[in-house]
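Understanding the architecture of this molecule
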Amino acid sequence: LEERGIPLIKFRLYNEGLITDINIPNNELFERIVSMGIFPGEKIKVINKIPNGIVVVVKNKKFVLDKDIAREIKVLKL
């Protein structure tokens, strides 16, 4: 199966995307991400980039994601 989407870290500012895949092997971390409302099928928007991560909005909530995590979240531009 071909991977759909690009890593969130490469997503452009203010573009809205659809999360297609989250590839985080650490189960606790994966569950934490999902509990924040970040999961496949959900819309996400990058609103800022900071030195060690990015600021995103999911369901009107702002989160800061570490670069390593943002690299493992795949998004498709809407």
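All of the points below concern the structure found in this document. (Residues numbered from 1 in each chain as written. Predicted model: local features only at pLDDT ≥ 70, side-chain atom pairs only at ≥ 80, totals over all residues. Heavy atoms only, no water.)

1. Some thoughts on the pairing of strand β3 (residues 43-50)
Put simply, the rule reads: A pair of strands is labelled paired if DSSP reports no fewer than 2 bridges between them. Secondary structure elements are taken from DSSP: a helix is a run of H or I of four residues or more, a strand is a run of E of two residues or more, and numbering for both begins at the N terminus.
Direction of pairing for strand β2 (residues 16-22) relative to β3: antiparallel, over a ladder of three bridges. Bridge pairing links Leu18 to Lys43 in β3. Between β3 and the antiparallel strand that follows it, strand β4 (residues 53-58), lie two residues.

2. Topic: the environment of Glu72
Heads up, the rule is: Each residue gets one of three labels from its accessible area relative to the maximum for its type: buried under 20%, exposed over 50%, partly exposed in between, using a 1.4 Å probe on protein chains only. Residue contacts follow a heavy-atom distance rule, with two residues in contact if any of their heavy atoms lie within 4.5 Å.
Within the secondary structure layout, Glu72 lies in the loop between α2 (67-71) and β6 (73-77). The partly exposed category is assigned to Glu72, whose relative accessible area is 28%. Remark: the alpha-carbon pair of Glu72 and Ile6, spanning 66 residues in sequence, is separated by 9.4 Å. Setting aside residues no more than four positions away along its own chain, Glu72 makes contact with Asp21, Ile22, Asn23 and Ile24.

3. With respect to the nonpolar core
One recurring pattern in soluble globular proteins: nonpolar side chains tend to sit buried together. Keep this limit in mind: Residues grouped as a nonpolar core are buried Ala, Val, Leu, Ile, Met, Phe, Trp, Tyr and Cys residues, joined through side-chain atoms within 4.5 Å.
Counting residues in hydrophobic clusters, the biggest one holds 20 residues, and the most contacted among them are Leu8, Ile38, Ile54, Val56, Leu65 and Ile73. Listing elements by their share of this core, those giving two or more residues are β2, β3, β4, β5 (61-66), α2 and β6. A total of three residues in this core trace back to one element, the largest contributor, which is β4. Once residues within four sequence positions are removed from consideration, Leu65 is found in contact with Leu8, Ile33, Met36, Ile38, Asn52, Gly53, Ile54, Val56 and Ile73.

4. Some details on the pairing of β6
As defined by bridge partners, strand β1 (residues 6-7) adjoins β6 across two bridges and the pair is classed as antiparallel. Across the sheet, residue Pro7 finds its bridge partner in β6, namely Lys74.

5. Some thoughts on the sheet that holds β3
One open sheet holds the six strands; their spatial order is β1-β6-β2-β3-β4-β5, and the pairing between them is antiparallel. Edge strands, defined here as strands with exactly one partner in the open sheet, are β1 and β5.

6. Notes on the environment of Lys67
Summarising the element assignment, Lys67 is placed in helix α2. In sequence terms Lys67 and Val55 are twelve residues apart; their C-alpha atoms lie 10 Å from each other. With residues up to four places along the chain from it excluded, the contact list for Lys67 reads Ile9, Ile50, Pro51, Asn52 and Gly53.

7. Some thoughts on unusual backbone geometry
Positive phi outside glycine occurs at Tyr14, with the angle close to 65 degrees. Within the secondary structure layout, Tyr14 lies in the loop between β1 and β2. For Lys59, which is not glycine, the phi dihedral falls at a positive 50 degrees. Within the element layout of this structure, Lys59 appears in the loop between β4 and β5.

Purely geometric stuff here, so don't read any function into it on its own.
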